[in-house]
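Listed below are the residues making up each chain.
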Amino acid sequence: MTITPLMPVYPRCDVRPVRGENCHLIDEDGTRYLDFASGIAVNLLGHSHPGLIGAIQRQAETLMHVSNLYGSPQGERLARQLVDNTFADTVFFTNSGAEAVETAIKTARAYHQSGGDENRTELITFSNAFHGRTMATISASNQEKMHKGFQPLLPGFRYAEWNDLESAKALMGPNTAGFLVEPIQGEGGIRPASQEFLSGLRALADEHDLMLVMDEVQCGVARTGRLYAHELYGVTPDIMATAKGIGGGFPLGACLATEKAARGMTYGTHGSTYGGNPLAMAAGSAVMEAVANEEFLASVRDKGERLRSGLEQFIGNYPDLFESVRGAGLMLGLKMKVESRPFFVHLRDNHQLLTVAAGDNTLRLLPPLVLDDAEIEEFFAKLSAGADDYVIPDAA
Ligand code: PLP
């Protein structure tokens, strides 16, 4: 037998973290890494945050799990925190981002079907989107590499061009239920929606009674310096998926919706055994308490600005390697002129700097939102050293 006990779907590298301290990860052999990946935009309070640990410990000692057949004071508390701080009137809790997007897709379809329109089942999605790895969420993405081997895809998704309102309009018809869009594409390479595009989708949705569904699984929960990235645009969704950062490292997601959008989500239409369990709710409430306030959000914007202006200066010194900096807050992308993956490996293996590779030859910088001045300095020291001794593979 050659297959490994862990199903070999990930090309895992040799970094084997066993401990975390704020923005650092410590490997089995004691090597310290500066973590600008945050478990892919998850550990927004860093590693080993006392408040988050305390909340999880207290809840674990009191009550870990009960079913959704009972009342949930813990769920009501977190739902109230989300409702009070967002556009939403109601929340369904999940365990992951893909499940949150699945719930959002069901909510959008149910909106039309509960209103008597059985035809409006299709969501228009956008090129290079990433919405997860379940059957519906891979079907929602035009990325063929995720489809390969898993045919048939689910029907009900049409792919328009990213940031191209005309291409979305051209796909609209009597079967259109709405749009599913990331305000800032993450996996696709930190590509922000243009103001015109996002406002245009909102206007089309309003005009045709369609659902504007946003996937804020990666860009949400204070990552951009706003609690949710759509606030940067002043454009509000009808339905939104959130996950990753909301549990601070504890598996948690949620689908948020307005009362109108959720009209089809009635008793018995949806469910989850674990979704909303007390332990996850305790983690989510601790995260919301820490981040959903102007002081914390302003600190993310400030650090984001410092990182961005430093990066803009830095890339000027390496015109052969880097093209531009993009993104918002602490969701930044370094667009490279050469293939980005080997540079990402070089930073990791030779300079102990963890980043995340993304589409469009972009390096994703997603540090914990609590990073401090010394860690920002350490980042620039590592990045400069990495750029200085980098040998572009083809030229080697
Ligand atoms: N949507 C977006 C925008 C994502 O970035 C991700 C994960 O990277 C997902 C959905 C899926 O989330 P999960 O991996 O928790 O299922």
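Criteria and thresholds
- Residues numbered from 1 in each chain as written.
- Predicted model: local features only at pLDDT ≥ 70, side-chain atom pairs only at ≥ 80, totals over all residues.
- Heavy atoms only, no water.
- Helix = DSSP H or I, 4+ residues; strand = E, 2+ residues; numbered from the N terminus.
- Rg over C-alpha atoms; globule rule 2.2 N^0.38 Å.
- Buried < 20%, exposed > 50% of the residue type's maximum accessible area, 1.4 Å probe, protein only.
- Contact = heavy atoms within 4.5 Å.
- Lys, Arg positive; Asp, Glu negative; His and termini not counted.
- Charge placed at Lys NZ, Arg CZ, Asp CG, Glu CD.
- Near = heavy atom within 4 Å.
- Polar contact = N/O pair within 3.5 Å; in protein donor to acceptor, adjacent residues only side chain to side chain.
- Areas by Shrake-Rupley, 256 points an atom, 1.4 Å probe, with all protein chains shown as cover.
- Nonpolar A, V, L, I, M, F, W, Y, C, P; charged D, E, K, R; others polar.
- Core = buried A, V, L, I, M, F, W, Y, C linked by side-chain atoms within 4.5 Å.
- Domains from an automatic or database assignment.
- Expected span 1.5 Å × (residues − 1).
- Buried area = accessible area lost by both parts, 1.4 Å probe.
- Salt bridge = Lys/Arg side-chain N within 4 Å of Asp/Glu carboxyl O.
- Phe/Tyr/Trp six-rings, centres within 6.5 Å; stacked < 30°, edge-to-face > 60°.
- Lys NZ or Arg CZ within 6 Å of the ring centre and 35° of its normal.

1. Concerning the overall build of the protein
Phase 1 of the analysis: Along the protein, the regular secondary structure elements total twelve helices and 17 strands.
Phase 2 of the analysis: For a compact globule of 396 residues, the expected C-alpha radius of gyration is about 21 Å, and the protein comes in at 21 Å, within 12% of that figure.
Phase 3 of the analysis: In terms of overall dimensions, the protein has C-alpha extents of about 65 × 55 × 55 Å along its principal axes.
Phase 4 of the analysis: With 396 residues in all, the protein has 55% of them scored as buried.
Phase 5 of the analysis: Expressed as a percentage of contacts within the protein between residues at least 6 apart in sequence, the contacts between residues at least 24 apart total 71%.
Phase 6 of the analysis: Between the averaged position of the 33 positive side-chain charges in the protein and that of its 49 negative side-chain charges there is a distance of 3 Å.

2. Some words on the site of the ligand
Phase 1 of the analysis: The ligand sits among Ser96, Gly97, Ala98, Phe130, His131, Gly132, Glu182, Glu187, Asp215, Val217, Gln218 and Lys244.
Phase 2 of the analysis: Glu187 has a polar side-chain atom sitting 3.4 Å from an oxygen atom of the ligand.
Phase 3 of the analysis: For the ligand, whose unbound accessible area comes to 390 Å², protein coverage reaches 82%.
Phase 4 of the analysis: Taken together, the residues that form the shell around the ligand break down as three nonpolar, five polar and four charged.

3. Looking at the nonpolar core
Inside soluble globular proteins, nonpolar side chains tend to come together where they are buried.
Phase 1 of the analysis: Judged by nonpolar contacts, the single largest core of 92 residues is most densely connected at Phe126, Phe179, Leu201, Leu311, Phe322 and Phe379.
Phase 2 of the analysis: Of the domains in this structure, domain 1 (17-49 + 294-395) and domain 2 (50-291) are the two that each give at least three residues to this core.
Phase 3 of the analysis: Not counting chain neighbours up to four residues away, the residues in contact with Phe179 comprise Leu123, Ile124, Phe126, Ala168, Met172, Leu201, Leu204, Ala205, Leu210, Met211, Leu212 and Val213.
Phase 4 of the analysis: One finds Ala140, Met211, Ala241 and Ala262 within the second-largest nonpolar core, a separate group that totals 22 residues.

4. Focus on helix H10 (residues 294-316)
In an α-helix there are 3.6 residues to a turn, and that puts residues three or four apart on one side.
Phase 1 of the analysis: Under the 1.5 Å per step criterion, the end-to-end length of H10 is 33 Å for 23 residues, consistent within 8% with the ideal 33 Å.
Phase 2 of the analysis: Listing the buried residues of H10 in full gives Phe296, Leu297, Val300, Lys303, Gly304, Leu307, Arg308, Gly310, Leu311, Phe314 and Ile315.
Phase 3 of the analysis: The inward-facing, buried residues of H10 abut helix H9 (278-291), strand E13 (322-328), strand E14 (331-336), strand E17 (362-365) and helix H12 (373-388).

5. Looking at the domain arrangement of the protein
Phase 1 of the analysis: When the domains of the protein are assigned, the result is domain 1 (17-49 + 294-395) and domain 2 (50-291).
Phase 2 of the analysis: Placing a centre on the C-alpha atoms of domain 1 and another on those of domain 2 gives a separation of 27 Å.
Phase 3 of the analysis: Contacts between the two partners involve 30 residues from domain 1, matched on the other side by 30 residues from domain 2.
Phase 4 of the analysis: Broken down residue by residue, the surface that domain 1 buries against domain 2 is led by Leu44, His49 and Met331, which jointly contribute 27%.
Phase 5 of the analysis: One salt bridge connects Asp360 with Arg191, and the closest N-O pair in it is separated by 3.8 Å.
Phase 6 of the analysis: At the surface where domain 1 touches domain 2, the tally comes to 13 residue pairs in polar contact (both at pLDDT 80 or more).
Phase 7 of the analysis: Among the secondary structure elements, those contributing two or more residues to the side of domain 1 that touches domain 2 are helix H1 (38-41), H10, E13, E14 and E17.
Phase 8 of the analysis: Take the side of domain 1 that touches domain 2: its biggest share by element is four residues, from H10.
Phase 9 of the analysis: Among the residues forming the side of domain 1 that touches domain 2, the class breakdown is 17 nonpolar, nine polar and four charged.

6. Topic: the packing of aromatic side chains
Phase 1 of the analysis: Across all of its chains, the model carries ten aromatic pairs by this definition.
Phase 2 of the analysis: Arranged with centres 6.5 Å apart and planes meeting at 70°, the rings of Phe126 and Trp162 form a pair that is edge-to-face. With a gap of 36 residues between them, Phe126 in strand E5 (residues 122-126) and Trp162 in the loop between strand E6 (157-160) and helix H7 (165-171) connect regions that are remote in the sequence.
Phase 3 of the analysis: Classification of Phe126 by relative accessible area gives buried; the value is 1%.
Phase 4 of the analysis: Look at Phe314 and Tyr318: their rings are 4.9 Å apart centre to centre, the planes differ by 45°, and that puts the pair in the tilted class.
Phase 5 of the analysis: For Phe314, a relative accessible area of 5% corresponds to the buried category.
Phase 6 of the analysis: Classification of Tyr318 as buried rests on a relative accessible area of 14%.
Phase 7 of the analysis: Members of the aromatic cluster, each reached through a chain of ring pairs, are Phe314, Tyr318, Phe322, Phe343 and Tyr390.
Phase 8 of the analysis: A cation sits over an aromatic face here: Arg263 above Tyr111, 3.7 Å from the ring centre.

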